[in-house]
Structures are given as structure tokens and as C-alpha cells.
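Tertiary structure, described
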Amino acid sequence: QTPKTDPFTIAAPASEVSLATRVRVVCRVRPLTETEALRETRLIEAVDDKTVCLQEKETPNVFTYDSVFDEHATQEDIYASVGQKTLADLFKGFNGTILAYGQTGAGKSHTMMGPGDGNDLDRGIIPRVAENIFTHILQSSDEVEYTVGLSMMEVYKEHIFDLLDPQPKDFLIHEDKLNGIHVRGLSQAFVSSSSEMASVLKQGCKNRRTASTNMNTDSSRSHAILQIILTQKDVTSGEIRRSSLFLVDLAGSEKVDRSGATGITLEETKKINLSLSVLGLVINSLTDPKVNHVPYRDSKLTRILQESLGGNSRTTLIINISPASGSYYETLSTLRFGSRAKKIRNSVHINTELSVDQLKGRISLLEKRNKYLEEQL
Ligand code: ADP
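Residues numbered from 1 in each chain as written. Predicted model: local features only at pLDDT ≥ 70, side-chain atom pairs only at ≥ 80, totals over all residues.

1. Re the overall build of the protein
Scanning the protein for helices and strands turns up nine helices and 17 strands. Its C-alpha atoms give the protein a radius of gyration of 23 Å, near enough to 21 Å, the size a compact globule of 377 residues would have. In terms of overall dimensions, the protein has C-alpha extents of about 85 × 50 × 40 Å along its principal axes. Looking at the protein as a whole, 37% of its 377 residues qualify as buried. For the protein, restricting intrachain contacts to residue pairs at least 6 apart in sequence, the fraction spanning at least 24 positions comes to 72%. (Helix = DSSP H or I, 4+ residues; strand = E, 2+ residues; numbered from the N terminus. Rg over C-alpha atoms; globule rule 2.2 N^0.38 Å. Buried ≥ 20, exposed ≤ 12 C-beta atoms within 10 Å, placed from the backbone. Contact = placed C-beta atoms within 7 Å.)

Quick look at the structure:
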């Protein structure tokens, strides 16, 4: 005998409902510099808001992305297209990632940070996110308690450097149920206003510059990773939403050539190139149905960003390009990188933890339902 209609509707918790999504790819073309304008020609044209054309001798090479911004796009336009949506998702409980990729000089730092340390009118995505997180919190209901934690690190030659606590230290990457994949021992600053957040960011940027001067390294060869962890506790139900946002300024995508850099050993050259090469391999593996293994663990960068690529994160990749003819090969390679990344599928869910009372409620409902079904049988 078939049981009558089940009167107990027990919806799965939000954390168990996955949504399929795709990595979003946004292309930003910077203006020609004054020197480039004198000596080089422009090879890139944004055809419309989704298409960009790279002029290759007589043949145009056309690429399409989720959005294309030409040199007239303002920092506000980029924030409105990329940052705002990612931040809204963060408050819903989704993890997010924004990655800036491209050759050195293509506009990654300009896009992510902007000139200076982010106080300028021309400030980039990071300072705007910092402001808007707190605008959002101030406008929201009193029923929710918020905690905003901030970590900043630099990955250089497969070594992790804590930008908020610049002591030489060896960090390892760990994975557990509560924190997911994380850098164990990395410091976290808790901030309660946008000005506090701005001053932590400023200190982190300053530490990055000092470290690069002291160690005589080129910061364009390192990856700067900012992680914001937002915790939202509903005071009535006790439910907790904990979501993470990675904002990443990647190292210049051009290969480091030993001949161009003085005093650099072959081992160092390999390490500098490793993370970006592995990033390329990860993207190839994720988008090639014939490949089963994704080599996340082969570099620090890809291991830290594992959830961002093929996992639980709404990810946007911004490919930054220069329009100048001298950058032709790097631009082509960046455009191809963006086209491959477009095919990455992620699977996201709202990161919630039920309170003890909510869990007890669920258990009692499940028990009642089991009893009912047994009676029906
Ligand atoms: P990257 O971080 O990729 O090495 P930068 O962001 O430092 O490159 O940009 C190189 C130069 O070009 C900087 O002087 C920057 O201010 C300028 N620039 C980059 N993108 C833009 C843009 N969209 N508009 C105006 N200037 C830009």
C-alpha cells in the first residue's frame, strides 16, 4: 500500500542546495600610455560590450566574454559590474572571488587597488568593497550580528608571506571541516568600520612594498591575496552564515626569463613561473572532459584558490590587457586564457550553520515524519 501524501515538508538546509554556475570573465582594455601612443599602434578594439577584436595583420581575431570594457570605462563602471554583485552575493552567504590576470603593466593593480592606497577618486575594487561592506551593514536590520575579518598575504616563489604580520614564518595550507582550505596561522584583523578596514589595507600594502624592497624582489612577480571573511549571525534563530571573499592581484602573466633578470638562478625562475603555470594547468584540466585529475596541490596559489576554480565560489576573472602593438603576444595569450576560463563550472551553496535549536527542531520533525511513514506502511 502506498503511503498517503507526506504532510511533513522538510526542506533541505540552504547549505545543502547547490547551484551550478560558471566563472564569469570580464575583459578590461587600458588606454595607450603616452609613450605607446608615440611609438606603437593600437591593436585592440572593443566591438561591443561583450566582444573584443585583436587585429592580427589582415585577420581580425574576435573574442567574446561576459563583459568587455574599453579604455573609457571608469573604476565605478568596473565596480558596478563586478564588485557590487559579488558583495551582494557575499551577504547572501555565497563565497566569492575576483581575480585580476594579465601581463605586467596591463592594469591589474589599477583595477584592484587603484592609484595610491585607495583613498583616491580613482580607487579600485578593493577600497570600494571595503567601504560598501560597512554601508551595507549599517543599513541592515538589528536582527543580525556581523563580524568582518581580513587577511592579506603575498605568494612569492612558492612562499607565503603574511602582509599583516610581516615576520619570516613558514606557513602551511590546511583543510578542515570548519575552515575549509586555509593558511594555518595567517593573521586575521577584525574590523568594525570602513576607515578601520582602510587603515589595515594601507598597512598591508605598505608591508608589501617594504618586503619587496628589503628582499630586493619585484612585486609584479608575486600574487597579492586579500581575503575577507564575513560572519552573519541571526540573533533570533541563531543561524550563522559565514562567507569568504578573495580579491586577488595575480603576478604578471609574462614568463620570467632568466636572461632578462640579473642575479636570478634557474631554480628561482622555475619557482616564480610555477604558480601561474599550474594555474593554467588547473584551468585546462577543469575544462577538458578527458582529464580527471586537477593539479591544485602543485602550487600554493592554486591550492589556496581551489574553491574559486571549480568549487564553491562565485568567481569573476578580470583579464587586463594593453592595446599596444608591442604587447601583441602577451595580449593574445591573455585573451586565450580568458576564453578557457569561461568554461569552468563551479557549484555554489549558501554557507550556513544551523543553530542548536534549529538542529533540534529538524531532528524532531524528522522523527515525527518517520513515525508517520511507519504507520502508513
Ligand atoms: P599591473 O598591475 O598589471 O602591472 P598597473 O595597474 O600598475 O599594471 O598599470 C600600469 C600603469 O597603467 C599604471 O600607471 C596605471 O595607473 C595605468 N593604468 C592601468 N589601467 C588603467 C586604466 N584603465 N586607466 C588609466 N590608467 C591605467
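From this point, things continue past the structure.
2. As for the UniProt feature "binding site: ATP" (unreviewed entry) in the protein
Per the UniProt annotation, the sites labelled "binding site: ATP" (unreviewed entry) are Gly102, Gln103, Thr104, Gly105, Ala106, Gly107, Lys108 and Ser109. Among the secondary structure elements, Gly107 is positioned in the loop between strand 7 (96–101) and helix 3 (108–112). Classification of Gly107 by C-beta neighbours within 10 Å gives buried; the count is 20. Beyond its immediate sequence surroundings of up to four residues, Gly107 is in contact with Arg28, Arg30, Gly102 and Asn320. Structurally, Ser109 can be placed in helix 3. (UniProt positions renumbered as here; feature names shortened; annotations may be inferred.)

3. A look at the sheet that holds strand 5 (residues 59–64)
Strands sit in the order 3-4-5 across an open sheet of three strands; the sheet is antiparallel. Here the strands that pair on one side only, and so sit at the sheet edges, are strand 3 (44–46) and strand 5. Shown here is a sheet whose adjacent strand axes are inclined to one another by a mean of 25°, direction ignored. Looking at chain direction, strand 4 (residues 51–56) and strand 5 are connected through six bridges and run antiparallel. In the strand pairing of strand 5, Glu56 is matched with Thr59. The strands touched by helix 8 (residues 328–341) within the sheet are strand 3, strand 4 and strand 5, with strand 4 carrying the most contacts at an inclination of about 145°. (Pairing = 2+ DSSP bridges. Axes fitted to C-alpha atoms, helices over the stretch in contact; angles between N-to-C directions.)

4. Quick notes on the site of the ligand
Near the ligand, the surroundings consist of 14 residues, among which Arg30, Gly107, Lys108, Ser109 and His110 are the closest. Broken down by element, the shell around the ligand gets its largest block of residues, three residues, from helix 3. Partitioned by chemical class, the residues of the shell around the ligand number three nonpolar, nine polar and two charged. (Near = placed C-beta within 6 Å. Nonpolar A, V, L, I, M, F, W, Y, C, P; charged D, E, K, R; others polar.)

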